[in-house]
Amino acid sequence: MNEKNPLARFRNQLGHSGDVIRDRWAHTPGWQRWIVYIALIIGALLLPSESIGSFMSPDTDWASILFFPIGTYVLLAIGLNVVVGQAGLLDLGFVAFYAVGGYAMALLGTRLGWNFWIILIVGIGICALSGITLGAPTLRLRGDYLAIVTLGFGEIIRITARNTDEIGGPNGIRGIPHPPSYEELNLFGINFADTFGVDPLKYGVLDPRPYYYLLVALAVVVIILVKRWEKSRVGRAWAAIREDEDAAEVMGVPTFRFKMLAFAIGASIGGAMGVLWAAKSISINPNDFQFLLSATILAAVVMGGAGNLPGVMLGAFIVAWLPERFRGLQEYRMLIFGAVLVALMIFRPEGLLPSRQRKAELKEGTGGMGTLGAEVPGPESRGEEVASK
Amino acid sequence: MLLEVKDIHVHYGKIAALKGISVEVNEGEIVTLIGANGAGKTTTLKTISGLRGLTSGKIFFDGKDISKMPGHKRVVAGLGQAPEGRGIFPGMTVHDNLLMGAYARSGNFDKELAEAYELFPRLAERRNQAAGTMSGGEQQMLAIGRALMAKPKVLLLDEPSMGLAPLLVQQIFSIIEEINRRGTTVLLVEQNAQQALKLAHRAYVLETGSVVKSAPAAQLLDDPDVRAAYLGGGLGHEAPGERA
């Protein structure tokens, strides 16, 4: 790399400071980490406060956009990260699973009158099944081919929903029930509504905060599960598949099964978010599940640093928040959003907070999403390495 | 007979890559497949390790028909492969790469780890380095060491000399000889025919998807046709059309 180039130097410095923090974190004892985790959760719960809202989103209701798009994008990005970041499978139709979750909530809630919590569990199951249904025939494909098929699947789900009158056609479904409320919550003698000015389990139309708290709870559960998978045998198998699928197979990794598992887990997370989102928004229609959403979530994952959970969450936050922050500039906000994306790709091509493993893969010009599945040279790889693949 | 490939045909789409190849490997041997680019050497190896499907033919390993067995199960059965070129995991450390080699096994692999580091002292020096940042020769060593972690009965090696300096090729080949002496059967695919024939017990010459010759390796080293085509014997340069 050309060290004289100020851009390259700046980029290297950025990378170096990231390494220092990461090493520090790797050597932090467990109890200190837990303090940080709990502080982060409390921070997330305090986020919908008006005091920061006036800066974070001067033009819209901060608590509302914390649920959608910010929180929703973050959770969807965590789900897509399992597929794209960990197993290295390029999925361009992730919105399909979000849609399946949303429609599961809408149909089971309005037609059968089921309770939100039961639908959440059933919806996760349905989405895992739809992930497997999509995966079984398509996961024999690799890279770009898989991307095209998943893109098609995303569109098929949306268009089928639009053309099926039994589920509302283009009008969608209205009157989706909210989760059951527990009003005037009293815990240890503290009345939440009086003390904090919010009734945390009252799921109504007016206050978005209870939904946001529910989303935070769901995200915490999902993050714990995903982290545990990442560190297990399953996570190592995903990493091997991402870096070299053939080599993984001849190491004795049942690659097909593990790719299916990644699809099913990613789909379940997307579906869970779909259920939660539909339960808040009362009505859904097929146009809520455009391809653009898949692309945006993928941008969030890649930009944040595919494979690294904090990076992916940060990426999703930025992708969701920036257009809302600059809403006052009207159509120019998309220009700023685009400029930020371009700048990020110049200064941090490997993502905002990439995992170290990922960086090494990117240098090689191999490794699943390191090249978006296509085997093309990376920024520093030599031509023949790729040609030999 | 430990490994028997019986008249296998393999197609990429409609194009026939292998047109009836038969190879036999006995326990304790080093057998090599030599041939030019596109002769089907790598495809044969990939088919044996289960990465390519068969159109017809059969593969027997240890007396059992493994033609339909998926690749990851063949590893457990005892077929270890070091894939072509640099089929290592570039983002993982050397140590993690070696551990991936033992993925299908359970229990304690300290002994195999120690053996891999003993065979390849360079890997021990670099155990915490990301594998992708190593030189081509080191990556090749890692690929072989990783394949040994699965304790294979037959080690399948795909062009271990590719892209390496002559001195390194010598080194790698003497290590392959050592691995064989310690009791692992080796099936070696090579373009470097001279080196491969010196090392191997028996050899097969492949040309456009078929076996054109099979004989003890020493005999092929003296064979005028083979010399002309693969060993730079002079004649091959004058009449390239005949072999191409």
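Residues numbered from 1 in each chain as written. Chains lettered and ligands numbered in written order. Predicted model: local features only at pLDDT ≥ 70, side-chain atom pairs only at ≥ 80, totals over all residues.

Student: Residue-level account of the nonpolar core, with values.
Tutor: All names here are of chain A. With 171 residues, the main nonpolar core has Y73, A77, I78, A262 and V301 as its most contacted residues. At 16 residues, the largest contribution of residues to this core is made by helix α4 (residues 62-86). Those residues in contact with Y73, other than ones at most four positions away along the chain, are I297, A300, A316, V319 and A320. (Core = buried A, V, L, I, M, F, W, Y, C linked by C-beta atoms within 7 Å. Buried ≥ 20, exposed ≤ 12 C-beta atoms within 10 Å, placed from the backbone. Helix = DSSP H or I, 4+ residues; strand = E, 2+ residues; numbered from the N terminus. Contact = placed C-beta atoms within 7 Å.)

Student: Tell me about the UniProt feature "transmembrane region" (unreviewed entry) in chain A, and name the residues and values.
Tutor: Residue and element names in this part refer to chain A. Taking the UniProt record as the reference, the feature "transmembrane region" (unreviewed entry) is found at residues 34-56, 62-82, 89-108, 114-136, 211-229, 260-279, 291-322 and 334-353. End C-alpha to end C-alpha, residues 89-108 measures 31 Å, and it is 70% helix and 0% strand. Each end of residues 334-353 is marked by a C-alpha atom, and these two atoms are 24 Å apart; helix forms 70% of the span and strand 0%. (UniProt positions renumbered as here; feature names shortened; annotations may be inferred.)

Student: Outline the sheet that holds strand β3 (residues 30-35) of chain B, listing residues and values.
Tutor: Residue and element names in this part refer to chain B. Here six strands make up an open sheet; going across it, the order is β6-β7-β8-β3-β9-β10 and the pairing mixed. In the strand order of this sheet, the two ends are held by β6 (79-82) and β10 (210-216), each with one partner. Strand-to-strand twist across the sheet, computed as the mean angle between neighbouring axes with direction ignored, equals 15°. Relative to strand β8 (residues 185-190), strand β7 (residues 154-158) runs parallel, the two being bridged by five bridges. Opposite D158, over in β8, you have V189 as the bridge partner. (Pairing = 2+ DSSP bridges. Axes fitted to C-alpha atoms, helices over the stretch in contact; angles between N-to-C directions.)

Student: Summarise helix α9 (residues 209-231) of chain A; cite the residues concerned and give the values.
Tutor: Residues and elements named next belong to chain A. With 23 residues, α9 should cover 33 Å at 1.5 Å per step; its first-to-last C-alpha distance of 33 Å lies within 8% of that length. Residues of α9 that are buried: R209, P210, Y211, Y212, L214, L215, V216, A219, V222, V226 and E230. Where the residues of α9 are buried, they touch α2 (30-46), α4, α10 (233-243), α12 (255-281) and α14 (309-325). (Expected span 1.5 Å × (residues − 1).)

Student: Could you give an account of the sheet that holds strand β2 (residues 15-25) of chain B, naming the residues involved and the relevant values?
Tutor: Residues and elements named next belong to chain B. In space, the four strands of this open sheet follow the order β2-β1-β4-β5, with antiparallel pairing throughout. Every other strand in the sheet has two partners, leaving β2 and β5 (64-65) as the edge strands with one partner each. Pairing geometry for strand β4 (residues 56-61) and β5, over two bridges, is antiparallel. Residue pairing for β5: F60 is matched across the bridge by D65.

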